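Geometric and topological summary
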Protein chains: 2
Amino acid sequence: MKITTEQMRFWSPSIRELEPYIPGEQPKIQNLLKLNTNENPYPPSPKVVAAVQGVLENTADVLRLYPDPDASELKRAIAQQQNVDMSNVFVGNGSDEVLAHIFKAFFVQDLPLLYADITYSFYPVYSQFFGVKTKVLPLNDGFEIEVDDYKQANGGIIITNPNAPTSIALGLSAIEQLLQSNPNSVIVIDEAYVDFGAESAIQLTKKYDNLVVCQTTSKSRSLAGLRVGFAIAQPHLITALESVKNSFNSYPIDRFAIAAAVASFEDQAYFETQCQRVIDSRENLVNDLVELGFKVLPSKANFIFATLVEKDAGELAAELREHGIIVRYFNKPRINQYLRITVGTDEQNQRLIDTLKNNILV
Amino acid sequence: MKITTEQMRFWSPSIRELEPYIPGEQPKIQNLLKLNTNENPYPPSPKVVAAVQGVLENTADVLRLYPDPDASELKRAIAQQQNVDMSNVFVGNGSDEVLAHIFKAFFVQDLPLLYADITYSFYPVYSQFFGVKTKVLPLNDGFEIEVDDYKQANGGIIITNPNAPTSIALGLSAIEQLLQSNPNSVIVIDEAYVDFGAESAIQLTKKYDNLVVCQTTSKSRSLAGLRVGFAIAQPHLITALESVKNSFNSYPIDRFAIAAAVASFEDQAYFETQCQRVIDSRENLVNDLVELGFKVLPSKANFIFATLVEKDAGELAAELREHGIIVRYFNKPRINQYLRITVGTDEQNQRLIDTLKNNILV
């Protein structure tokens, strides 16, 4: 909407230039194959549904009562599943909210926050929002992080691992190098996609007092519809996050979300099975795309990042959409010839491959 | 927890002095009579439960998909119920989140935000959090707002109406006076409790381009457990809120909360009936307390603010707690001889009265 100068006088000056994050499209059209927002193709554990039913059937009346502002039951379930103490757990309304609190709690410093040029595109948005100074460090030509680049004065470092949208994972030894060379600033590893084959840095939080690891239930736990994310760190860092959270919103996670997420963390077997299914489908999808001539970056995520030399990626995305398949295309420097494609079920992936083979690349 | 100076170096300097909001206690003990957080004593509309069942039964699979980031369906239901256009509606994860976004969007100005000395205690917290300059204006001796006090240079005004914890309502003509004398700053009317007998300023948003009215589903709609709040204003103000929201968290309201809140807004008859029940119970409770010697401020909310000359309010709160009844006590200047008591069912209110009569004031 067009805002006049006169209307703009009501806005806080600091928000007049904001460039908000734009999430992947959530189309309301039926029958589209949605491979654009890295959702899990499988439903959550049946125990999740049962837990919500439990809230409804036994005590529908509790909806009138505020949820536990600390979501202790959820913290306990996460702590148990991740083998940490409850005092190491912070929870929020999706990992986006957890990340927002992280930026406010740790990164508003004199020195700049370091992050990669190609990574989660919400980082520059949070930075502008909270007035965080930033220094953007380019990935190398293979779209990998060069750890040595991060050995410079900074007010914090944030790394998505596996990275998005590149899908490439960084090993724990590289993360330890980063931690050791930056003992005075907070290092955040954003592990939204870690459960699909990368190594989590969570156990390193026991050794390093400046490490925060952030995860979400939206991808590997199939709970994007519910909005639960969390961070793991030593208590002096968790306390900062709680202080920020309690200065913003006392009760960010509702009763259904708490019950559902607890049930998910308690069903480890289902979780592992579903992650493995996605990993297996990913490997098949990559093979099929390579056979069609795509170059695909080595993925440890539930999506792949792929390019085709002979075809413009933007055009390819548009043509796929005409055939009812949505993938994510970023019209940005360095990556504007790539498509980010969420791994679907084998049947969904086959539809993508068939469409490419029979309708587009003919 | 005690944070050492060494650990504190990791915190952003701006958050080291934060004094977070402390919500009313959510005890995990059974059988306590909870009259401390202004929850509705009645459950939400049965249609709310049916709506959540509908999400689960028909399409449990949708939990894996992100919710609509704009929650359009919810905006439509609110717009219809409030007789405004969808473009006048902003929704958030509880009205606390809506208020946080309001502070960031409108109140970070050169001139100070004006608010009352006795009002929602989250306002100073948001102000510190976002760096909002403030000027606190005392209520008069009857705990009422003096509209003339607000005729001074300001960067915004926020008023809880009915006020909390005093329960006293301001009339629409006083609010129009405020709007007319402050055409260049945003005036926010926080109507968390308006449905229990006060007049809403929502229709004034059509006439005034600087008015934002904020409401919640937590009190009159019995949905505190779900976290849905909203604001109504002209589109140039809503756009500012959307810009802030989309720089913080794209998907703040989950699928269950959207479905449940929509069902609540669509069941106007249930809503009106339940509000009237609370109002009727309030009048009985006030009469009974006055009979016991309490002075009770004139309430238009689902709580009352009461004092007893011959008994210290802090002690009284402690004694009530020993008898299994929790009320809210604020150990703050001017109001430390008052108790804020949520209106319960007639049976709950009777338990309070009986306990006072038979066990405490004997």
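This structure is a prediction, so every number in the text was calculated from the model and none was measured.

Observations concerning the overall build of chain A
- Across its full length, chain A carries eleven helices and twelve strands.
- Since a compact globule built from 362 residues should have a radius of gyration of about 21 Å, the 21 Å found for chain A is in line with a globular shape.
- Taking the principal axes of the C-alpha coordinates as reference, chain A spans close to 55 × 55 × 55 Å.
- Expressed as a percentage of contacts within chain A between residues at least 6 apart in sequence, the contacts between residues at least 24 apart total 73%.

Some words on the sheet that holds strand β12 (residues 338-342) of chain A
Residue and element names in this part refer to chain A.
- Taken in spatial order, the three strands line up as β9-β10-β12 in an open sheet, and their pairing is antiparallel. The sheet is open, and its two edges are formed by β9 (295-296) and β12, each paired on a single side.
- Where strand β10 (residues 303-307) meets β12, five bridges bridge the pair, whose relative direction is antiparallel. Note that in β12 the partner of Thr307 across the bridge is Tyr338.

Topic: the pairing of strand β5 (residues 156-160) of chain B
Residue and element names in this part refer to chain B.
- Of all five residues in β5, five are buried; the element is thus mostly enclosed.
- A two-sided burial pattern is seen for β5, the buried positions comprising Gly156, Ile158 and Thr160 on one face and Ile157 and Ile159 on the other.
- Two elements, strand β3 (residues 113-116) and β5, share two bridges in a ladder whose sense is parallel. When the bridges of β5 are listed, Leu114 appears paired with Ile157.
- What joins β5 to strand β6 (residues 187-190) is helix α6 (residues 172-181), and the crossover it makes is right-handed.

Considerations on the interface of chain B and chain A
- The partner chain A presents 90 residues to the 90 residues of chain B that form the contact.
- When chain B packs against chain A, the two sides together hide about 7,600 Å² of surface, and 59% of this comes from carbon and sulfur.
- Three residues, B:Phe10, B:Tyr66 and B:Phe248, lead the burial of chain B against chain A; their summed loss comes to 11% of the area buried on that side.
- Seen at the junction of chain B and chain A, the total is zero salt bridges.
- Across the contact surface, chain B and chain A share 44 residue pairs in polar contact (both at pLDDT 80 or more).
- For the side of chain B that touches chain A, the element with the highest residue contribution is helix α4 (residues 94-106) of chain B, accounting for eight residues.

Quick look at the pattern of salt bridges
Residues and elements named next belong to chain B.
- Applying the stated rule across the entire model yields 15 salt bridges over all chains.
- Glu6 is the salt-bridge partner of Arg9, the closest N and O atoms lying 4.0 Å from each other.
- Classification of Glu6 by relative accessible area gives exposed; the value is 55%.
- Residues Glu283 and Arg282 are paired through a salt bridge, measuring 2.9 Å at the closest nitrogen-oxygen approach.

Topic: the pairing of β3(B)
Residue and element names in this part refer to chain B.
- Covered by surrounding structure in β3 are Leu113 and Tyr115 together with Leu114 and Ala116, the residues of both alternating faces.
- In this structure, β3 lies alongside strand β4 (residues 134-137), joined through four bridges in parallel fashion. Across the sheet, the residue bridging to Leu114 is Lys135, located in β4.
- As for the winding sense of the linkage, the β-α-β connection from β3 through helix α5 (residues 123-130) to β4 is right-handed.

Regarding the domain arrangement of chain A
All names here are of chain A.
- One can read the domain layout of chain A as domain 1 (25-44 + 269-360) and domain 2 (46-266).
- Between the C-alpha centres of domain 1 and domain 2 the distance comes to 25 Å.
- Facing the 27 residues of domain 1 at the interface are 30 residues of domain 2.
- For the domain 1 and domain 2 pair, buried surface summed over both sides reaches about 2,300 Å², with 63% attributable to carbon and sulfur atoms.
- Scanning the region where domain 1 abuts domain 2 turns up one salt bridge.
- At the boundary of domain 1 and domain 2, one finds nine residue pairs in polar contact (both at pLDDT 80 or more).

Digging into the packing of aromatic side chains
- Under the criterion given, the structure shown has 34 aromatic pairs over all chains.
- Plain terms: the ring middles of A:Phe248 and B:Phe248 are 4.4 Å apart, the flat faces sit at 20° to each other, and that makes the pair stacked. Separated into two different chains, A:Phe248 in the loop between α7 (235-245) and α8 (255-266) and B:Phe248 in the loop between α7 (235-245) and α8 (255-266) make up a pair that spans both.
- Taken together, the ring pairs connect A:Tyr21, A:Phe103, A:Phe107, A:Tyr115, A:Tyr120, A:Phe122, A:Tyr123 and A:Tyr126 into an aromatic cluster.
- In this structure, A:Arg221 is placed above the aromatic ring of A:Phe271, and the distance from its NZ or CZ to the ring centre is 3.9 Å.
- Note that B:Arg277 overlies the ring of B:Tyr42, its terminal NZ or CZ placed 3.9 Å from the centroid.

Some words on the nonpolar core
- In this structure, A:Leu74, A:Phe256, B:Leu74 and B:Phe256 are the most contacted members of the largest nonpolar core, which totals 121 residues.
- Beyond its immediate chain neighbours, meaning those up to four positions away, A:Phe256 contacts A:Val52, A:Val55, A:Leu56, A:Leu63, A:Leu226, B:Val52, B:Leu226 and B:Phe256.

Structural notes on the side chain of B:Ser45
Residue and element names in this part refer to chain B.
- Here Ser45 is to be found in the loop between β1 (33-35) and α2 (46-59).
- On the basis of relative accessibility, which here comes to 3%, the residue Ser45 falls in the buried class.
- Within polar-contact distance, the side chain of Ser45 engages the backbone nitrogen of Lys47 at 2.9 Å.
- Side chain to side chain, Ser45 and Asp267 meet in a polar contact 2.7 Å long.

Overview of the sheet that holds strand β12 (residues 338-342) of chain B
All names here are of chain B.
- Taken in spatial order, the five strands line up as β1-β11-β12-β10-β9 in an open sheet, and their pairing is mixed. The open sheet terminates on both sides in strands that have one partner only, identified here as β1 and β9 (295-296).
- Most of the contacts of helix α9 (residues 268-291) go to strand β10 (residues 303-307), to which it runs at about 10°, and overall it touches β9, β10 and β12.
- Lying on the sheet, helix α10 (residues 313-322) is in contact with β11 (325-329) and β12; it crosses β11 at an angle near 155°.

Concerning the state of the cysteines
Residue and element names in this part refer to chain A.
- Applying the stated rule across the entire model yields zero disulfides over all chains.
- Cys214 supplies the cysteine sulfur nearest to Cys275, a cysteine that is in no disulfide, at a spacing of 17 Å.
- Classification of Cys275 by relative accessible area gives buried; the value is 4%.

A word on the relation of the copies chain B and chain A
- Mapping chain B onto chain A is achieved by rotating through 180° and translating by 0.0 Å along the same axis, at an RMSD of 0.0 Å. Such values leave the two copies arranged in the relation of a two-fold axis.
- When the interface residues of chain B are mapped onto chain A, 100% of them are again interface residues, pointing to one common binding face.

What counts and what doesn't
Residues numbered from 1 in each chain as written. Chains lettered and ligands numbered in written order. Predicted model: local features only at pLDDT ≥ 70, side-chain atom pairs only at ≥ 80, totals over all residues. Heavy atoms only, no water. Helix = DSSP H or I, 4+ residues; strand = E, 2+ residues; numbered from the N terminus. Rg over C-alpha atoms; globule rule 2.2 N^0.38 Å. Contact = heavy atoms within 4.5 Å. Pairing = 2+ DSSP bridges. Buried < 20%, exposed > 50% of the residue type's maximum accessible area, 1.4 Å probe, protein only. Right-handed = clockwise from strand over helix to strand, strands pointing away. Buried area = accessible area lost by both parts, 1.4 Å probe. Salt bridge = Lys/Arg side-chain N within 4 Å of Asp/Glu carboxyl O. Polar contact = N/O pair within 3.5 Å; in protein donor to acceptor, adjacent residues only side chain to side chain. Domains from an automatic or database assignment. Phe/Tyr/Trp six-rings, centres within 6.5 Å; stacked < 30°, edge-to-face > 60°. Lys NZ or Arg CZ within 6 Å of the ring centre and 35° of its normal. Core = buried A, V, L, I, M, F, W, Y, C linked by side-chain atoms within 4.5 Å. Axes fitted to C-alpha atoms, helices over the stretch in contact; angles between N-to-C directions. Disulfide = S-S within 2.5 Å. Least-squares fit on C-alpha atoms with pLDDT ≥ 70 in both.

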